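Chain residues, written in single-letter form:
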Amino acid sequence: MFGAYFFRWIGFPIEPDVIKIGNPTKESPVLLTCNFILTVKRVLKEIKNLDCYLLVAPSNGINVWCGACGDDFHTDQVISIIKTSGINELVSHRTLILPQLSASGLDPILIKKKVGWNVKFGPVYAKDIPEYINNNFQKTEKQRIIRFPIKKRAEMANLYFFSIFLIFSVIYWIVSLIIQSYNLTLYLNSTILMFIIIYGSLIILPNIPFKTGRPKVLVYEIVLIIIIVSLFFIGFLNLFYLIWDIVLSVLVAYIVAEDFHGLTPIYKSEMGEKSWNKGKDKFKFLFSEYKLQPYGQIALEREKCIGCKVCIEICPRNLYVFNETDKKVDLRTPEKCINCNACVKRCLAKCLIIQ
Ligand code: SF4
Ligand code: SF4
């Protein structure tokens, strides 16, 4: 659990299985999630008072959203767990509730075709599952929207802080041994700086008025360097500390900028397909979360829309609204789109594109 909390980007799988919750009957709901240990534990905690089945599908130990946006949590794995878990004998119905954020990777039409199960996309958050079920499998608007409060962002930032901290510590110890000069103050000073850059970015970057990570981090970095240089001029840092702090802040800020997505999914990753393609073979285990679509603008070819409302059900930014007059959807505030690609992939009329 400790590893999954602090180093989640390498994947922490548990064995795919069907888990019985309470005293389910043949009519009880069947939910499905990925096999990232932390997700399974959290879902189990939220549904512990229900009578239902939970299918844990293989996703290489990656969480639902990252797995579905990438290539770790996809339709074949859902089909495989349905076929191998024995769930067909445990229940008499054929309705499967998937997490809403899996919509980018999981295809309900293919699932229906291959194994005969009807798919419903449940709420974004596991805590809303009991209410969703009690509400006859209807989601409220609130249950469809992704929020990313500071507490959640801090949890994501742990993965950067602890990983960079470990790498930095090893480099520092090796360099200290070689030059036979270990300086505890410098070590602590740099660790605190890293902490400030990574966790501070979560609070400050969303308020810097640029759309993507790199320009935001550039502004943040300039402010940091001004502070570091000011500390030097008021005598708080010596020349060695000054240089070391600037080098470290540039390095850490660069990492934050490259994958701001990992810190807060409401912004795009700067790691486009090009970077991913370069490293995917050698470092697949490290970059499994980053197989994201390139940054683009969502657009609706409205004349083709058939009003199926799928996009309304699955958009985590709540960008679609049904127009009762002509029974089609309108796309509002497209600039808030986070390119999760769920609507593009699931639109029945293929009338949504990311340009
Ligand atoms: S509009 Fe954007 S955020 Fe909403 S589902 Fe489509 S791609 Fe995702
Ligand atoms: S998913 Fe496509 S066809 Fe269905 S309502 Fe949305 S835009 Fe229209």
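Preceding this section is the structure that the text describes.
Description of the structure in this document. Keep in mind it's a predicted model, so treat the numbers as computed, not measured. Residue numbers restart at each chain and count upward from 1, following the sequence in its written direction. The order in which chains are written sets their letters, starting at A; the order in which ligands are written sets their numbers, starting at 1. Predicted model: local features are reported for residues with pLDDT of at least 70 only, side-chain atom pairs are reported and counted for 80 or more only, and whole-chain, interface and lining totals are derived from all residues.

Focus: the overall build of the chain
Applied cut-off: Helix and strand definitions here come from DSSP, where helices need a minimum of 4 consecutive H or I residues and strands a minimum of 2 consecutive E residues; each element is numbered from the N-terminal end. In this scheme the burial state of a residue depends on its C-beta neighbours within 10 Å: 20 or more other such atoms mean buried, 12 or fewer mean exposed, and anything in between means partly exposed; the C-beta positions come from the backbone.
Counting its secondary structure elements, the chain contains 17 helices and nine strands. Looking at the chain as a whole, 35% of its 355 residues qualify as buried.

A look at the site of ligand 1
Rules: Whether a residue is near a molecule or strand depends on its C-beta atom, generated from backbone atoms, being within 6 Å of that molecule or strand. Any residue outside Ala, Val, Leu, Ile, Met, Phe, Trp, Tyr, Cys, Pro, Asp, Glu, Lys and Arg is labelled polar, Gly included; the first ten of those are nonpolar and the last four are charged.
Lining the immediate environment of ligand 1, one finds 14 residues, of which Cys315, Cys337, Cys340, Ala342 and Cys343 sit closest. For the shell around ligand 1, the element with the most residues is helix H17 (residues 342-346), which contributes three residues. Among the residues forming the shell around ligand 1, the class breakdown is eleven nonpolar, two polar and one charged.

A word on helix H9 (residues 150-179)
For the record, the criterion: By definition here, a helix of n residues has an expected span of 1.5 Å times n minus one. Two axes enter the bend calculation: one fitted to the seven residues ending at the residue in question, the other to the seven starting there, and the bend is the angle between them.
Along its 30 residues, H9 runs 41 Å from first to last C-alpha, staying within 8% of the 44 Å computed at 1.5 Å per residue. At alanine 157, H9 shows its maximal bend, which comes to roughly 30°. Downstream of H9 by one or two residues, glutamine 180 has phi in the positive range, about 50°.

Considering the nonpolar core
The following threshold applies: For this analysis, nonpolar core means a set of buried Ala, Val, Leu, Ile, Met, Phe, Trp, Tyr and Cys residues linked through C-beta atoms within 7 Å. Residue ranges for the domains originate in an automatic or database domain assignment. Each residue is represented by a C-beta atom placed from its backbone, and any two residues with such atoms within 7 Å are regarded as in contact.
Within the largest apolar cluster, 58 residues are counted, with the highest numbers of intra-cluster contacts made by Leu31, Leu32, Leu54, Leu55, Cys311, Ile314 and Cys343. The two domains that each donate at least three residues to this core are domain 1 (2-144) and domain 3 (298-354). Those residues within four positions of leucine 55 in sequence are excluded, and the remaining contacts are Val18, Val30, Leu32, Ile81, Ser85 and Ile87.

Notes on the site of ligand 2
In the vicinity of ligand 2 there are 14 residues, among which Cys305, Cys308, Cys311, Cys347 and Ala349 approach most closely. Residue composition of the shell around ligand 2, grouped by class: twelve nonpolar, one polar and one charged.

Digging into the pairing of strand E4 (residues 95-98)
Side-chain positions along a regular strand alternate between the two faces of the sheet. The condition that has to hold: In this analysis, strands are considered paired if DSSP registers two or more bridges between them. Orient the strands so they point away from the viewer, and a crossover whose first-strand-to-second-strand path over the helix runs clockwise is right-handed.
Bridge count between strand E2 (residues 30-33) and E4: two bridges; the pairing is parallel. Among the inter-strand pairings, valine 30 is bridged to a residue of E4, identified as leucine 96. Note on the crossover from E4 through helix H6 (residues 108-115) to strand E5 (residues 118-121): the handedness is right-handed.

Looking at the environment of asparagine 158
Assignment of secondary structure puts asparagine 158 in helix H9. On the basis of neighbour counts, which here come to 16 C-beta atoms within 10 Å, the residue asparagine 158 falls in the partly exposed class. Once the C-alpha coordinates of asparagine 158 and isoleucine 198 are considered, the two residues, 40 residues apart in sequence, prove to be 8.6 Å apart.

A short note on the packing of helix H11 (residues 213-233) against helix H12 (residues 239-258)
The line we're drawing: Under this scheme, a helix contributes an axis fitted over its contacting stretch, all axes are lines through C-alpha atoms, and angles between N-to-C directions fall in the 0 to 180 degree range. Should an angle lie under 35 degrees it is considered roughly parallel, over 145 roughly antiparallel, and from 65 to 115 roughly perpendicular; all remaining angles are considered oblique. The hand of a helix crossing depends on one turn: near helix anticlockwise from the far one by less than a right angle means left-handed, and clockwise means right-handed.
Where H11 contacts H12, the axes come no closer than 10 Å and their chain directions differ by 165°. Classified by the angle their axes make, H11 and H12 are roughly antiparallel. Every pair of crossing elements has a handedness; the one defined by H11 and H12 is right-handed. Across the interface between the two elements, Gly213, Arg214, Val217, Tyr220, Glu221, Leu224, Ile225, Ile228 and Phe232 from H11 touch Leu242, Asp245, Ile246, Ser249, Val250, Ala253, Val256 and Ala257 from H12. For the contact of H11 with H12, a count of residues per class yields twelve nonpolar, two polar and three charged.

Considering the packing of H9 against helix H10 (residues 184-204)
Packing of H9 against H10 brings their axes to within 9 Å, and their N-to-C directions diverge by 155°. Taken as axis vectors, H9 and H10 run roughly antiparallel relative to one another. The crossing of H9 and H10 is right-handed. Counting all contacts with H9, which are made through Ile150, Arg153, Ala154, Ala157, Tyr160, Phe161, Ile164, Phe165, Phe168 and Tyr172, the residues of H10 involved are Tyr187, Ser190, Thr191, Met194, Phe195, Ile198, Tyr199, Leu202 and Ile203. Split into classes, the residues belonging to the contact of H9 with H10 amount to 16 nonpolar, two polar and one charged.

Any link to function would need more than the numbers given here.
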